[in-house]
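# Breakdown of the fold
Residues per chain are reported as follows:
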Amino acid sequence: MIKNQHIPYIDEVKNRNERIMWIGGKKLKDKCGFDGMISIYAPTLHSDDSKHDTFYKQLEEEFSEIKTKYGETIVILGDFNARIGKYKQEWEDIRGKFISDYYGKCNESGLRLMNFCLDKKLCIANTYFQKKQYGSFYHKSAKKFMTLDYCLVPRDCKQQIKDCEISHTINCWTDHWAIKCIFKSIKKLKTKKNKEHI
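If you're wondering where the values come from, they're calculated on a predicted model, not measured in any experiment.

What counts, and where the lines are drawn
- Residues numbered from 1 in each chain as written.
- Predicted model: local features only at pLDDT ≥ 70, side-chain atom pairs only at ≥ 80, totals over all residues.
- Heavy atoms only, no water.
- Salt bridge = Lys/Arg side-chain N within 4 Å of Asp/Glu carboxyl O.
- Helix = DSSP H or I, 4+ residues; strand = E, 2+ residues; numbered from the N terminus.
- Buried < 20%, exposed > 50% of the residue type's maximum accessible area, 1.4 Å probe, protein only.
- Disulfide = S-S within 2.5 Å.
- Axes fitted to C-alpha atoms, helices over the stretch in contact; angles between N-to-C directions.
- Parallel < 35°, antiparallel > 145°, perpendicular 65-115°, else oblique.
- Left-handed = near helix turned anticlockwise from the far one by under 90°.
- Contact = heavy atoms within 4.5 Å.
- Nonpolar A, V, L, I, M, F, W, Y, C, P; charged D, E, K, R; others polar.
- Pairing = 2+ DSSP bridges.
- Core = buried A, V, L, I, M, F, W, Y, C linked by side-chain atoms within 4.5 Å.

## Some words on the pattern of salt bridges
Inspection of the entire model under this criterion finds 12 salt bridges. We note a salt bridge from Arg16 to Glu62, for which the minimum N-O separation is 2.6 Å. Taken together, the positions of Arg16 in the loop between strand 1 (12-15) and strand 2 (20-24) and Glu62 in helix 2 (residues 49-70) put the pair 46 residues apart, joining distant regions of the chain. What makes Arg16 partly exposed here is its relative accessible area of 29%. Through salt bridges with shared partners, one network takes in Glu12, Lys14, Arg16, Lys57, Glu61, Glu62, Glu65 and Lys69.

Put into structure tokens, the structure is as follows:
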């Protein structure tokens, strides 16, 4: 979802398939802080490896296409069906110290996600902000919330993120809570930078 006021700055909407779609715009960055956004729905943990391979191959293709067309600041968010477990120093380039779900362990889908982040120089935005709750999905059998949804941003743009959290007020017609990520606008950043030099 994107605010109505930003819709005029979207130049292209592409729906690759039922798992990947994106928006891009040459003027989006000045208004929103990013050049484009990819929304995803990854295969579940127990899906065939071929489905996981196909998904990440297609995601890589779309990530490359949108960067070529609109710029480097691309956000990827959605249901990765992945658990990234507790913070470990070996992953410090791509994640913060927060988020540890009920199981507290990284599963195979989580490894795929984090290796994708390493390869594409991305980081997981919702791990850098301390919150009371991170769970985006309620597991009825375990009777616990789990974090399966993530927001990925370029590592060198991490400072542009004002906040990233679960939203209980956004209705996205699914059994998952939405991830809300707030960017500092480029204009505000430039103004602040210019003031520092006065």
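## Overview of the state of the cysteines
Counting across every chain of the model gives zero disulfides. Free cysteine: Cys117, not disulfide-bonded; nearest cysteine sulfur from Cys123 at 7.7 Å. Taking the relative accessible area as the measure of exposure, Cys117 reaches 0% and is therefore buried.

## A short note on the packing of helix 2 against helix 3 (residues 108-120)
Between helix 2 and helix 3, the least distance of the axes is 12 Å, while the angle of their chain directions is 25 degrees. Considered as vectors, helix 2 and helix 3 are oriented roughly parallel to each other. As helix 2 packs across helix 3, the resulting crossing turns out to be right-handed. Listed contacts from helix 3 to Asp49, His52, Asp53, Tyr56, Leu59, Glu60 and Phe63 of helix 2 are Glu108, Ser109, Arg112, Leu113, Phe116, Asp119 and Lys120. Grouping the amino acids of the contact of helix 2 with helix 3 by side-chain chemistry returns five nonpolar, two polar and seven charged.

## Some words on the sheet that holds strand 5 (residues 122-124)
Sheet architecture is open: six strands sit in the order 1-2-3-4-8-5, paired in mixed fashion. In the strand order of this sheet, the two ends are held by strand 1 and strand 5, each with one partner. Direction aside, the axes of adjacent strands within the sheet are offset by 15 degrees on average. As paired elements, strand 4 (residues 74-79) and strand 8 (residues 149-154) share four bridges and run antiparallel to each other. Paired with Asp79 across the strands is Asp149, a residue of strand 8. Helix 2 contacts strand 1, strand 2, strand 3 (36-41), strand 4 and strand 5 of the sheet and is inclined by roughly 10 degrees relative to strand 2. This element, helix 3, spans strand 4, strand 5 and strand 8 of the sheet and lies at about 140 degrees to strand 5.

## Digging into the nonpolar core
Core analysis: the largest hydrophobic core is formed by 27 residues, its most contacted members being Ile38, Ile76 and Leu152. Counting residues per element, the ones that place at least two in this core are strand 2, strand 3, helix 2, strand 4, helix 3, strand 5 and strand 8. With six residues, the single largest contributor to this core is helix 2. Ignoring sequence-local partners within four residues, the contact set of Leu152 consists of Ile74, Val75, Ile76, Phe80, Leu113, Phe116, Cys117, Leu122, Cys123 and Ile124. Ranked by size, the runner-up nonpolar core spans 18 residues in total, among them Ile10, Met37, Val153 and Ile161.

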